[in-house]
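# Survey of secondary and tertiary structure
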Amino acid sequence: ISNGAVETGEAPDVQALCQAAHQAGRQEASDELNAQLAELEAVTKQLNEVIDAVAATRRQALEQAASDVGELILILSRQIASESLALHPEALPALIESAVSELPSTEDLHIHVAPSMVEPISRHVPESLRSRLLADPNVEHGCIVRTRFASLDATVETAEQGIREAIDRWLTEQTWAADWMMRSK
């Protein structure tokens, strides 16, 4: 034994040796666990970075998909409205009569329509409205009915603008929904 106590003939302090061995083993185990914990923390940090990157990519994909859906809705609604008026031109006189009936007064009434629609519409509206029709190159589809005190825009373009605003609100809500969905998983 390389303990100086045995060489000198003294009895070794077994309890002190056990305590020292215990302390050394404990320190070695602690060092090993700390190294493993540091490694796990590094791996956890890397995993969190990957999770954050995946979540950001997912959010971007959801936002792009929502934007694409909004654009598709806008394109389809414009196409449907335009084709409906093209396929059913008799609907425009009914639209004009409905718009005129919504106005509080018909004083100084003017009905703005696409130049190509003045003649076909004049054949289908009441006599009292025929002289009020005006060719307006700014109107593509639908009509704008104006009086001295009020104006009612029943054009496809204005409807499209309303749809665009609704889609923009929807897209804003979708961003919120995407965040909520990510947090709830």
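Not measured: the values here are computed from a predicted model.

## So, the environment of Arg-78
- By secondary structure assignment, the location of Arg-78 is in helix α2 (residues 14-87).
- Among the residues examined, Arg-78 registers a relative accessible area of 24% and is labelled partly exposed.
- Along the sequence, Arg-78 and Glu-157 sit 79 residues apart, while their C-alpha atoms lie 8.0 Å from each other.
- Discounting chain neighbours no more than four positions away, the residues touching Arg-78 are Glu-140, Val-156, Glu-157 and Glu-160.

## Describing the side chain of His-112
- Checked against the element boundaries, His-112 lands in strand β1 (residues 110-113).
- Residue His-112 is classed as buried on the basis of its relative accessible area of 13%.
- Reaching out from His-112, the side chain makes a polar contact with the side chain of Arg-146 at a distance of 3.5 Å.

## A few points about the nonpolar core
- The biggest cluster of nonpolar side chains holds 17 residues, and the ones touching the most others in it are Ile-96, Ile-111, Ile-121 and Val-145.
- Those elements that place two or more of their residues in this core are α3 (91-102), β1 and β3 (142-146).
- For this core, the leading source of residues is α3, giving four residues.

## Describing α3
- Compared with an ideal rise of 1.5 Å per residue, which puts twelve residues at 16 Å, α3 spans 17 Å between its outermost C-alpha atoms and is within 8% of the ideal.
- Of the positions making up α3, those classed as buried are Leu-92, Pro-93, Ile-96, Ala-99 and Val-100. One side of α3 carries all its buried residues, which in axial view fall inside an arc of 125°. Residues of α3 that are exposed and point over 90 degrees away from its buried face: Ser-101 and Glu-102.

## As for the sheet that holds β1
- Within the open sheet, the four strands sit side by side as β2-β1-β3-β4. Their pairing is mixed. Of all strands in the sheet, those bounded by a partner on one side alone are β2 (133-135) and β4 (151-155). This sheet shows a mean twist of 20° between the axes of neighbouring strands, independent of strand direction.
- Across three bridges, β1 lies against β2 in parallel orientation. Considered in β2, the bridge of His-112 is made with Leu-134.
- Contacts between α3 and the sheet are confined to β1, β2, β3 and β4, with β3 contributing the most and set at about 25° to the helix.

## Let's talk about the pairing of β3
- Within β3, four of the five residues are buried, which leaves the element mostly enclosed by the surrounding structure.
- Both β1 and β3 contribute to a ladder of four bridges, which runs antiparallel. Each bridged residue has a counterpart across the sheet, and for Val-113 the counterpart in β3 is Cys-143.
- Direction of pairing for β3 relative to β4: antiparallel, over a ladder of five bridges. Along β4, the bridge assignment pairs Cys-143 with Ala-154.
- Connecting β3 to the antiparallel partner β4 that follows it, the hairpin turn spans four residues.

## Describing a nonpolar patch on the surface
- A surface patch of nonpolar side chains, about 260 Å² in accessible area, is lined by Val-43, Leu-47 and Ile-51.
- Tracing the chain through its elements places Leu-47 in helix α2.
- The class for Leu-47 is partly exposed, based on a relative accessible area of 49%.

About the criteria used
- Residues numbered from 1 in each chain as written.
- Predicted model: local features only at pLDDT ≥ 70, side-chain atom pairs only at ≥ 80, totals over all residues.
- Heavy atoms only, no water.
- Helix = DSSP H or I, 4+ residues; strand = E, 2+ residues; numbered from the N terminus.
- Buried < 20%, exposed > 50% of the residue type's maximum accessible area, 1.4 Å probe, protein only.
- Contact = heavy atoms within 4.5 Å.
- Polar contact = N/O pair within 3.5 Å; in protein donor to acceptor, adjacent residues only side chain to side chain.
- Core = buried A, V, L, I, M, F, W, Y, C linked by side-chain atoms within 4.5 Å.
- Expected span 1.5 Å × (residues − 1).
- Arc of directions from axis to C-beta.
- Pairing = 2+ DSSP bridges.
- Axes fitted to C-alpha atoms, helices over the stretch in contact; angles between N-to-C directions.
- Patch = residues over 30% accessible without salt bridge, like charges linked within 9 Å, V, L, I, M, F, W, Y side chains within 5 Å.
- Areas by Shrake-Rupley, 256 points an atom, 1.4 Å probe, with all protein chains shown as cover.
- Salt bridge = Lys/Arg side-chain N within 4 Å of Asp/Glu carboxyl O.

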